[in-house]
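Okay, here's what each chain looks like letter by letter:
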Amino acid sequence: MKLNRRGQIFTIDLLIALFIFTLIFTSVVIFLYSVGDTSNPLSSYYSEVSSTYLSNIATQAANTLTGSPGYPSSWPSLSCPQISTLGVMYNSNEVSGQKLYNLTTLPVGCVSQLLRAGNSFNITAYYLNGSILRINGRLITAGFATPHNANYIDVVQRYEVLYPGTVIIRISLKEWI
């Protein structure tokens, strides 16, 4: 049997194959690190994870606030350590104007703790025409001012009837990172 050069592997062929494999492998690793890394702020997955996280926090806070009268239901007359759950509902269909007013008189740290919102939230009640609701001459807004340099802002809105009557208001809860 006679050996010819067509069936042999040359060292240069192995080096070229190794170079191509290393180039492709390195490209895949860099792509996964830069695009798929959830801790990299420039990553699309970071944006998705941050947005989902923020949306969950804002939705839970809004549901807590507008989902019950709070516990105990007489929370406006109690101090912060005595309040278990913060809620502004008068009954299952109407928002209590007095509880909205008392929400603005609670210390911001107390509201933050009860809603598990940290120091990046704002609650504001609006009329449907866009003006801020006033009760007893006080604007119904609680929390912090929204910063101009926030990376992500999530707004959850709930439309409720203000007790007593038929006035519909919009309660807007903002969370940001």
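Look up a bit, the structure's there.
Parameters at a glance
- Residues numbered from 1 in each chain as written.
- Predicted model: local features only at pLDDT ≥ 70, side-chain atom pairs only at ≥ 80, totals over all residues.
- Heavy atoms only, no water.
- Helix = DSSP H or I, 4+ residues; strand = E, 2+ residues; numbered from the N terminus.
- Buried < 20%, exposed > 50% of the residue type's maximum accessible area, 1.4 Å probe, protein only.
- Contact = heavy atoms within 4.5 Å.
- Phe/Tyr/Trp six-rings, centres within 6.5 Å; stacked < 30°, edge-to-face > 60°.
- Lys NZ or Arg CZ within 6 Å of the ring centre and 35° of its normal.
- Pairing = 2+ DSSP bridges.
- Axes fitted to C-alpha atoms, helices over the stretch in contact; angles between N-to-C directions.
- Core = buried A, V, L, I, M, F, W, Y, C linked by side-chain atoms within 4.5 Å.

### Considering the overall build of the protein chain
Moving on, step 1. The number of helices and strands found in the protein chain is 4 helices and 7 strands.
Moving on, step 2. Helices and strands in the protein chain line up, N terminus first, as α-α-β-α-α-β-β-β-β-β-β.
Moving on, step 3. Counting the 177 residues in the protein chain, one finds 32% classified as buried.
Moving on, step 4. For the protein chain, restricting intrachain contacts to residue pairs at least 6 apart in sequence, the fraction spanning at least 24 positions comes to 52%.

### Considerations on the packing of aromatic side chains
Moving on, step 1. Going through the model one piece at a time under the given rule, you end up with 3 aromatic pairs.
Moving on, step 2. Here the aromatic rings of Y90 and Y163 are separated by 3.6 Å at their centres, their planes lie at 10 degrees, and the arrangement is stacked. On the criterion of sequence distance, the pair formed by Y90 in the loop between helix 2 (44–66) and strand 1 (94–96) and Y163 in strand 6 (residues 153–163) is long-range, its members being 73 residues apart.
Moving on, step 3. Where F121 meets F144, the ring centres are 5.7 Å apart and the plane angle is 90 degrees; that geometry is what we call edge-to-face. Of this pair, F121 sits in strand 2 (residues 121–127) while F144 is found in the loop between strand 5 (141–143) and strand 6, placing the two residues 23 residues apart along the sequence.
Moving on, step 4. Taking relative accessible area as the criterion, F121 reaches 1% and is therefore assigned buried.
Moving on, step 5. The aromatic ring of Y101 is capped on one face by R138, whose charged end is 5.8 Å from the ring centroid.

### Some points on the pairing of strand 2
Moving on, step 1. The buried fraction of strand 2 amounts to 6 of the 7 residues, a majority that puts the element mostly inside the structure.
Moving on, step 2. In terms of strand pairing, strand 2 meets strand 7 (residues 167–176) through 7 bridges, oriented antiparallel. What sits directly across from F121, in strand 7, is E175.
Moving on, step 3. Pairing of strand 2 with strand 5 involves 3 bridges; the strand directions are antiparallel. Within strand 5, the residue paired with I123 across the bridge is A142.

### Considering the sheet that holds strand 2
Moving on, step 1. Pairing is mixed across the open sheet formed by 5 strands, whose spatial order is 1-6-7-2-5. Where the open sheet ends on each side, the last strands, each with one partner, are strand 1 and strand 5. Strand-to-strand, the axes of this sheet are offset by a mean angle of 35 degrees, without reference to chain direction.
Moving on, step 2. Against the sheet, helix 3 (residues 97–105) makes contact with strand 1, strand 2, strand 5, strand 6 and strand 7, and its axis sits at roughly 45 degrees relative to strand 1, the strand it touches most.
Moving on, step 3. Running at roughly 95 degrees to strand 2, helix 4 (residues 108–115) makes contact with strand 2, strand 5 and strand 7 of the sheet.

### A closer look at the environment of G118
Moving on, step 1. Within the secondary structure layout, G118 lies in the loop between helix 4 and strand 2.
Moving on, step 2. Along the sequence, G118 and E175 sit 57 residues apart, while their C-alpha atoms lie 9.2 Å from each other.
Moving on, step 3. Not counting chain neighbours up to four residues away, the residues in contact with G118 comprise S112 and F144.

### A word on the nonpolar core
Moving on, step 1. L86, L100, L103, L115, I123 and I171 are the most contacted members of the largest nonpolar core, which totals 31 residues.
Moving on, step 2. Those elements giving two or more residues to this core turn out to be helix 2, helix 3, helix 4, strand 2, strand 6 and strand 7.
Moving on, step 3. For L86, the residues in contact, after removing those within four places along its chain, are T64, L65, G70, W75, L103, L106, V111, L114 and L115.

### Considering helix 4
Side chains that are three or four residues apart share a direction in an α-helix, a result of its 3.6 residues per turn.
Moving on, step 1. Of all the residues in helix 4, the buried ones are C110, V111, S112, L114 and L115.
Moving on, step 2. At the exit of helix 4 stands R116, carrying a positive phi of roughly 55 degrees.

### Describing unusual backbone geometry
Moving on, step 1. The omega angle of the peptide bond from Y71 to P72 is -10 degrees, so this bond is cis rather than trans.
Moving on, step 2. If you trace the backbone, P72 turns up in the loop between helix 2 and strand 1.
Moving on, step 3. Here the bond from Y163 into P164 is cis, since omega is -15 degrees, no more than 30 degrees from zero.
Moving on, step 4. Of note in the backbone geometry, R116 takes a positive phi value of approximately 55 degrees without being a glycine.
Moving on, step 5. Here R116 is to be found in the loop between helix 4 and strand 2.
Moving on, step 6. Note on R116: relative accessible area 70%, which makes it exposed.

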